[in-house]
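# Observations on the model geometry
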Protein chains: 4
Amino acid sequence: MKFSDYLIEKSKEIWKEFLPNKFLREIAEDKIKKEAFEKWLSNDYNFVKNALRFMNIISAKIPDKLIPFMTESICYIKEELKMFEEKAKEMKINLNNKVSFICQSYSNFLISSAFIHTFFENLAIYYCEEKAYYEAWNWVKKHVKNNSYKKFVEHWSSEDFRLYVEKIEEILNEFANQAGEYEKKEAEKLFIETSKFEKLFWDMAYE
Amino acid sequence: MKFSDYLIEKSKEIWKEFLPNKFLREIAEDKIKKEAFEKWLSNDYNFVKNALRFMNIISAKIPDKLIPFMTESICYIKEELKMFEEKAKEMKINLNNKVSFICQSYSNFLISSAFIHTFFENLAIYYCEEKAYYEAWNWVKKHVKNNSYKKFVEHWSSEDFRLYVEKIEEILNEFANQAGEYEKKEAEKLFIETSKFEKLFWDMAYE
Amino acid sequence: MKFSDYLIEKSKEIWKEFLPNKFLREIAEDKIKKEAFEKWLSNDYNFVKNALRFMNIISAKIPDKLIPFMTESICYIKEELKMFEEKAKEMKINLNNKVSFICQSYSNFLISSAFIHTFFENLAIYYCEEKAYYEAWNWVKKHVKNNSYKKFVEHWSSEDFRLYVEKIEEILNEFANQAGEYEKKEAEKLFIETSKFEKLFWDMAYE
Amino acid sequence: MKFSDYLIEKSKEIWKEFLPNKFLREIAEDKIKKEAFEKWLSNDYNFVKNALRFMNIISAKIPDKLIPFMTESICYIKEELKMFEEKAKEMKINLNNKVSFICQSYSNFLISSAFIHTFFENLAIYYCEEKAYYEAWNWVKKHVKNNSYKKFVEHWSSEDFRLYVEKIEEILNEFANQAGEYEKKEAEKLFIETSKFEKLFWDMAYE
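Described below are features of the structure shown in this document. (Residues numbered from 1 in each chain as written. Chains lettered and ligands numbered in written order. Predicted model: local features only at pLDDT ≥ 70, side-chain atom pairs only at ≥ 80, totals over all residues. Heavy atoms only, no water.)

## Some details on the overall build of chain A
Operational definition: Working definition: helices are DSSP H or I runs of at least four residues, strands are E runs of at least two. Numbering for both runs from the N terminus. Here the globule rule reads 2.2 Å times residues to the power 0.38, and the radius of gyration is calculated from C-alpha atoms. Three exposure classes are used, based on accessible area relative to the maximum for each residue type with a 1.4 Å probe and protein chains only: buried under 20%, partly exposed in between, and exposed over 50%. By the convention used here, residues are in contact when the closest approach between their heavy atoms is within 4.5 Å.
Helix and strand counts for chain A come out as ten helices and zero strands. Starting at the N terminus and walking to the C terminus, you meet the elements of chain A as α-α-α-α-α-α-α-α-α-α. Taken over the C-alpha trace, chain A has a radius of gyration of 17 Å; the compact-globule value for 207 residues is 17 Å, and the two agree within 12%. By principal-axis analysis of the C-alpha atoms, chain A measures approximately 50 × 30 × 30 Å. Here chain A, with 207 residues, has 65% of them falling under the buried criterion. Considering only intrachain contacts with a sequence separation of at least 6, the fraction spanning at least 24 residues in chain A is 86%.

Written out as structure tokens, the structure is:
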């Protein structure tokens, strides 16, 4: 069993709770209230900045041969900030709203882990984040009835994004083959932890 | 106005919410339920380990002249772990209970800040943590009616601990004199953030 | 006086030692031996990877508003790796030669500082590195007699690179205005240290 | 074969170069010139401060169960600073002499590795440092003819220090059993790198 499949298997009960969830359903049905969307948008905007910090720190720890992939990933993910800014402008949403406790906790978890844990263990977090987003928005794509949020749906369910997630999966599995039991157990714990945060993040929009 | 006083002034509304609080009152009156005490004890035990990680990281960033003080602080704070272990043994409390979300979030905030922020900004967090504990347990000392939790009360309201907090205050104020506006503003934000976590931590025992 | 000018003023004696130097002169005159160029190329290739690590770590520490600039810088600098790879292919140079002690020391200095020092102090290092490279290759541009190394000369003396260095200078000066005396003194020490490494790096090609 | 023995086996040619060396021989014979001793003393004093930084950073990364050992190690090693200060006072040596390039490079290597590498890989560095010191001073102990440097000889060849090094060895070997091939290869490279620095550090006194 590939290590990535093993991690997803271990977290499947948590993933069921957010694949799909109220937010994704309301996006698909174009029924979401502006307030909930705004809450999600401004928090996710803040989150992406901290996810970049996370990616930056692990990029400093990776072996040389992963430098091209990780630096390109940073260049790729930073573009999401612009997507948020455009949508916020279009919908007259303030992106600098107060950041929710869940969002802050998730960001602090990422940065703390990036520093404390090995690059391999952090690859499990990174894979979880991106895979969960791909699956979430791919679910929306299949159920979407209109397209107010088209750009978001298309971005995270695109072929490009799918290939990007597959590349992370491939790197994770490659290093899993050379990793010891201790590191793999830690990676599993972090994957589960990240999965829980993914769930909490969606719920946050309705708090 | 000393920078330390300025920080406390800026957080006074938050400090009022936990000086005193239900937990401290119940400790003072020896009325606390084992369940609540256990929850606090096992979480604080976990927290101290992560507070040591925080102290370790900032110890790597400090100027040479602070090395003796910070390393001695680590030697001093690590002794608290033994105090928790002894109490747990006495009361047959399991210290490895599930760590609460608040405690984890507080720990991740500390470690993330330790890494991201300057040593001066982190001194503000460190001062907040220790000062808040001294004030909390000093309140208990003044209101205590019995002594089931004597060792804790005495430890954190002792002359030794008071002098230790004063030393942190002195260092913080010394560096504040050489710090720029940007750093001082960041330190203030972190002090307020830490104050909020201090409040949440006490409430956590009753969740 | 702008802080950037102050730093350059303080390091001018060191800068005189490498502006120009034997390596730059031989590049300008197209007289450099393959051995010396190879040594420089393979070491600088390794250095850029570690400079990216340095940039990644400080990118995690910067205020939100600098995220776009720093992530774009990472995307910009990573392209240099390709320039090295192309030249190495053209000249049949092995880029994985043993890394020199100077190059390794410089890289470890960068990564250690990135972690230990404040983002502002690290901006001084970053500015020094890039400014020194711009000035070095701009000297070559003005004295060049041929163009075997045209791509390198053009890259680091280009209008694009000049504007990039100016942007770093601007950010450094902006934060200098809000920085305290302590941080500015530290930044100065690090700028001087970096200047010395810049000098040693050029000499390294002839060891 | 124990992992610690494997590492020492892999570095034996380098260790032969410093076990013993001119400095240790001159210490044993009480023939060392004040200049050389002063150079070593002031550099090693600076080095110990940075070794504490290294220990602090890895202490933040270790699993919970190693916290007592690592914090106690910090408390133990910080005492060496006092030993240096006393000797400097006795011999009227200035401990704040210019730090040598080798010493600085070694310190930057430690701090950079502490941040970049896994705690297991860093245990290999830590073990190398302490084991090399024990073996060096134990050689002196066996060949000493007088005792001007008695305290240093006794400290690093003591039963206490021997047991401390054994404890690090035990922890390293315990985690080696759960480590993957990738981590073990990295640990080996770092052990060899550290061995080279140990050699260079002794030579530095005569530069």
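Let's pick the thread back up.
## So, the state of the cysteines
To be explicit about the condition: Working definition: a disulfide is two cysteine sulfur atoms within 2.5 Å of each other.
Per the counting criterion, the structure on display carries two disulfides over all chains. Each sulfur in the disulfide pair C75(A) and C75(C) lies 2.0 Å from the other. With the S-S bond torsion at -120 degrees, the cross-link from C75(A) to C75(C) turns out left-handed. Remark: C75(C) occurs in helix α5 (residues 67-90) and C75(A) occurs in helix α5 (residues 67-90); the pair is interchain, linking two chains. Judged by its relative accessible area of 14%, C75(A) is buried. C103(A) provides the cysteine sulfur closest to C128(A), a residue in no disulfide bond, and the two sulfurs are 16 Å apart. For C128(A), a relative accessible area of 0% puts it in the buried group.

## Things to note about the packing of helix α4 (residues 34-61) of chain D against helix α10 (residues 181-204) of chain D
Residues and elements named next belong to chain D. Rule in force here: Note on method: axes are straight lines fitted to C-alpha atoms, helices fitted across the in-contact stretch only, with angles between N-to-C directions ranging 0 to 180 degrees. For this classification, under 35 degrees means roughly parallel, over 145 means roughly antiparallel, 65 to 115 means roughly perpendicular, and everything else is oblique. Under the grouping applied here, Gly and all other residues not named as nonpolar or charged are polar, the nonpolar ones being Ala, Val, Leu, Ile, Met, Phe, Trp, Tyr, Cys and Pro and the charged ones Asp, Glu, Lys and Arg.
Contact geometry of α4 with α10 gives a least axis separation of 9 Å together with a crossing angle of 140 degrees. When the axes of α4 and α10 are compared, the pair comes out oblique. Packed against α4, whose contacting residues are K39, W40, N43, D44 and F47, the element α10 presents F201, W202 and M204 at the interface. Within the contact of α4 with α10, the residues separate by chemical class into five nonpolar, one polar and two charged.

## A word on the relation of the copies chain C and chain A
The condition that has to hold: Here the copies are superposed with least squares, the fitted atoms being C-alpha atoms of residues at a pLDDT of at least 70 in both.
Least-squares fitting of chain C to chain A yields an RMSD of 0.0 Å, with the transformation described by 0.0 Å of translation along the axis and a rotation of 180 degrees. The relationship between the two copies is best expressed as a two-fold rotation axis. Looking at the rotation axis and the C-alpha trace of chain C, the residue lying nearest is N56(C), at 2.3 Å. A symmetric contact is evident, with 100% of the interface residues of chain C recurring at the interface of chain A.

## Focus: the pattern of salt bridges
Close approach of charged atoms allows side chains of opposite charge to pair. All names here are of chain C. Quick reminder of the rule: The salt bridge criterion pairs a side-chain nitrogen of Lys or Arg with a carboxyl oxygen of Asp or Glu, the two atoms within 4 Å.
Evaluation of the coordinates by the stated rule reveals 79 salt bridges over all chains. Of the charged contacts, one joins K2 and E169 as a salt bridge, the two residues approaching to 3.4 Å between their closest N and O atoms. Here K2, found in the segment before α1 (3-10), pairs with E169, found in helix α9 (residues 159-176); they are 167 residues apart in sequence, far enough to count as distant. According to the relative accessible area criterion, K2 is partly exposed, its value standing at 44%.

## Looking at the interface of chain C and chain A
Defined as follows: Joining two parts hides part of their accessible area as seen by a 1.4 Å probe, and the buried area is that hidden amount summed over both.
The interface of chain C with chain A comprises 20 residues on the first partner and 20 residues on the second. When the two sides are added together, the surface that chain C and chain A hide from each other amounts to roughly 1700 Å², 62% of it contributed by carbon and sulfur. Counting across the chain C and chain A interface gives four salt bridges. In this structure, D64(A) engages R53(C) in a salt bridge whose closest nitrogen and oxygen atoms are separated by 2.9 Å.

## Comments concerning the packing of aromatic side chains
To keep it simple, the criterion reads: A pair of Phe, Tyr and Trp rings is counted when the ring centres sit within 6.5 Å of each other, with Trp represented by its six-membered ring. The angle between the planes then sorts it: under 30 degrees is stacked, over 60 is edge-to-face, the rest tilted. Counting as a charge over the ring demands two things of the Lys NZ or Arg CZ atom: a distance within 6 Å of the ring centre and an angle within 35 degrees of the ring normal.
Throughout the structure, instances matching the rule amount to 171 aromatic pairs over all chains. Centre to centre, the rings of F23(C) and W202(C) are 5.4 Å apart; their planes meet at 35 degrees, and the pair counts as tilted. Here F23(C) is found in helix α3 (residues 22-28), whereas its partner W202(C) is found in helix α10 (residues 181-204), with 179 residues between them in sequence. By the burial criterion, F23(C) is buried, and W202(C) matches it. An aromatic cluster is defined as three or more aromatic residues linked by ring pairs; in this entry it consists of F23(A), F37(A), W40(A), Y45(A), F84(A), Y133(A), W137(A), Y149(A), F152(A), W156(A), W202(A) and Y206(A). A cation over a ring is seen here: K22(A) above Y206(A), with NZ or CZ 4.1 Å from the ring centre.

## Here we look at the side chain of E26(C)
Residues and elements named next belong to chain C. This is how it is decided: By the counting rule applied here, Lys and Arg register as positive and Asp and Glu as negative, while His and the ends of each chain are not counted. Here a polar contact is recorded for every N or O atom pair within 3.5 Å, except that within protein the pair must consist of a potential hydrogen donor and a potential acceptor, and residues adjacent in sequence are included only if both atoms are side-chain atoms.
Checked against the element boundaries, E26 lands in helix α3. No salt bridge is formed by the buried E26; the nearest opposite charge belongs to K22, separated by 4.5 Å. Within the structure, E26 has its side chain in polar contact with the side chain of Y206 (distance 2.9 Å). When neighbours within four sequence positions are excluded, E26 is seen to be in contact with K31, I32, K33 and Y206.

## Quick word on the nonpolar core
For clarity, the threshold we go by: As used in this record, nonpolar core signifies buried Ala, Val, Leu, Ile, Met, Phe, Trp, Tyr and Cys residues forming a set joined through side-chain atoms within 4.5 Å.
Counting residues in each nonpolar core, the largest one holds 337 residues, and the members touching the most others are W40(A), W40(B), W40(C) and W40(D). Among residues more than four places away in sequence, those in contact with W40(D) are F23(D), F84(D), Y133(D), W137(D), F152(D), W156(D), F201(D), W202(D) and A205(D).

## Describing the interface of chain B and chain A
Across the contact, 15 residues belong to chain B and 15 residues belong to chain A. For the chain B face of the interface with chain A, the top three residues by lost area are F101(B), N108(B) and F115(B), together amounting to 39%. Connecting chain B to chain A are zero salt bridges. Counting residues per element, the ones that place at least two in the side of chain B that touches chain A are α4 (34-61), α6 (101-116) and α10 (181-204) of chain B. Along the lines of polarity and charge, the residues of the side of chain B that touches chain A split into nine nonpolar, four polar and two charged.

## Re the environment of L95(A)
All names here are of chain A. Locating L95 in the fold gives a position in the loop between α5 and α6 (101-116). Between the C-alpha atom of L95 and that of Y45, which follows or precedes it by 50 residues, the distance is 7.1 Å. Not counting residues up to four positions away in its chain, the partners in contact with L95 are L41, S42, Y45, F84, E85 and A88.

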